[in-house]
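Okay, here's what each chain looks like letter by letter:
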Amino acid sequence: MTSDSLATAVMRQASRFIGLREVKPNADWDNPSTAGPDRVLVDELRSLMRSSPWEPGWAYCAAFCEGMVLAALRSLSATPDQIKRWQTTMTPHCVTSAANFRKLGLLSPTAAPGAIWLARHGATSNGHAGIVTAVRGLSMSTIEGNTSLDPSSDAKEREGDWITARIRPLKGSGSLVTLGFITPASILKLISP
């Protein structure tokens, strides 16, 4: 497993869930552009996030990111010990996860494709997270859970009801301030014996 293969796998996993919209707040989803319920995909999403340990009804942006890395690690034949190291350090809480990785020297100030972006909402303990898919100048493209389609809505910074692609400033936006990035290289250092 390399940083590039992990980045590609994380982005591939996250892209599969784009278009899901909450039908029950922070607990159930469906893609309104597809016919019928998307039960198989939604059940997989819920299973990946439950490993976090996320619970239905909780904000899920960080749990979504953790689950996408989990799915990527599994697809790349990571060992149970490697997966456990990942799940022990990443949490469904953005600010706690940033602190965990910072303490280990694995929170990067630099974005990279396949990285998890972690941000704090003002001076609170609330935050937001997303999977970085591209970096261009001072902006990044992300795939985020628990976000809004409309960047001008009240939920533009965090707490929306979609899993979708977004474009954000690298430093954060509004009251969301970037805490750092968990890059694929950092994940590989974390899980290496």
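Remember, it's a predicted structure, so these values are computed and weren't measured experimentally. (Residues numbered from 1 in each chain as written. Predicted model: local features only at pLDDT ≥ 70, side-chain atom pairs only at ≥ 80, totals over all residues. Heavy atoms only, no water.)

K.L.:
Which residues make up the packing of aromatic side chains, and what are the values?
P.N.:
Scanning the entire structure with this criterion turns up four aromatic pairs. Judged by centre distance (6.3 Å) and plane angle (90 degrees), the rings of F17 and F64 are edge-to-face. In this pair, F17 sits in the loop between α1 (3-15) and β1 (21-24) while F64 sits in helix α3 (residues 61-75), placing the two residues 47 residues apart along the sequence. For the pair formed by F17 and F64, the shared burial category is buried. For the ring pair W29 and W54, a centre distance of 6.0 Å and an interplane angle of 40 degrees mean the geometry is tilted. Of this pair, W29 sits in strand β2 (residues 28-30) while W54 sits in the loop between α2 (39-50) and α3, placing them 25 residues apart in sequence. Comparing W29 with W54, the two get one shared label, buried. In this structure an aromatic cluster arises from ring pairing among W29, W54 and Y60. (Phe/Tyr/Trp six-rings, centres within 6.5 Å; stacked < 30°, edge-to-face > 60°. Helix = DSSP H or I, 4+ residues; strand = E, 2+ residues; numbered from the N terminus. Buried < 20%, exposed > 50% of the residue type's maximum accessible area, 1.4 Å probe, protein only.)

K.L.:
With reference to specific residues and values, describe unusual backbone geometry.
P.N.:
Here S52 and P53 are connected by a cis peptide whose omega angle stands at 0 degrees. Topologically, P53 is positioned in the loop between α2 and α3. Although it is not a glycine, S77 sits at a positive phi angle of roughly 60 degrees. Looking at where S77 falls in the secondary structure, it is placed in the loop between α3 and α4 (80-89).

K.L.:
A description of α3 should follow, citing residues and the corresponding values.
P.N.:
Across its 15 residues, α3 extends 21 Å between first and last C-alpha, which sits within 8% of the 21 Å expected from 1.5 Å per residue. Counting buried positions over the 15 residues of α3 gives 13, a clear majority of the element. (Expected span 1.5 Å × (residues − 1).)

K.L.:
Go over the nonpolar core, please, and point to the residues and values.
P.N.:
Formed by 44 residues in total, the largest nonpolar core has its most connected members in L45, F64, W86, I116, L118 and I182. When contributions to this core are tallied by element, the ones reaching two or more residues are α1, α2, α3, α4, α5 (94-103), β3 (116-121), β4 (127-136) and α6 (184-191). With eleven residues, α3 is the single largest residue contributor to this core. Beyond its immediate sequence surroundings of up to four residues, I116 is in contact with C65, V69, W86, M90, A129, G130, I131, G180, F181 and I182. (Core = buried A, V, L, I, M, F, W, Y, C linked by side-chain atoms within 4.5 Å. Contact = heavy atoms within 4.5 Å.)

K.L.:
Requested: an account of the packing of α3 against α4, with residues and values cited.
P.N.:
Two elements in contact, α3 and α4, have axes separated by 10 Å at closest approach and are oriented at 170 degrees. With respect to α4, the axis of α3 lies roughly antiparallel. Residues E66, V69, L70, L73 and R74 of α3 lie in contact with α4, whose contacting residues are I83, W86 and Q87. Its residues placed into classes, the contact of α3 with α4 shows five nonpolar, one polar and two charged. (Axes fitted to C-alpha atoms, helices over the stretch in contact; angles between N-to-C directions. Parallel < 35°, antiparallel > 145°, perpendicular 65-115°, else oblique. Nonpolar A, V, L, I, M, F, W, Y, C, P; charged D, E, K, R; others polar.)

K.L.:
Explain the pairing of β4 to me, using residue names and the numbers behind them.
P.N.:
When you tally the buried positions in β4, you get seven out of ten residues, the bulk of the element. Judged from the five bridges that link them, β3 and β4 form a sheet pairing that is antiparallel. Paired with W117 across the bridge in β4 is G130. Adjacent in sequence and paired antiparallel, β3 and β4 are bridged by five residues, among which G122 carries a positive phi angle near 60 degrees. A loop of two residues connects β4 with strand β5 (residues 139-147), the two strands running antiparallel in sequence, and G137 in this loop sits at a positive phi of about 60 degrees. (Pairing = 2+ DSSP bridges.)

K.L.:
Now, about the pattern of salt bridges: what can you tell me, with residues and values included?
P.N.:
Two side chains with opposite charge may pair up if their charged atoms get near one another. For the coordinates displayed, the defined rule picks out eight salt bridges. Here R50 and E55 are joined by a salt bridge, their closest N and O atoms 3.4 Å apart. The exposure class assigned to E55 is partly exposed, which follows from its relative accessible area of 32%. A salt bridge links R168 to E144; its shortest N-O distance comes to 2.7 Å. Residue R168 is found in strand β6 (residues 162-169), and its partner E144 is found in strand β5; the two are separated by 24 residues along the sequence. Note on E144: relative accessible area 0%, which makes it buried. Taken together, the shared-partner salt bridges in this structure form one network comprising D28, R39, D43 and R46. (Salt bridge = Lys/Arg side-chain N within 4 Å of Asp/Glu carboxyl O.)

All quantities given are derived from atomic positions and should not be read as evidence of function.
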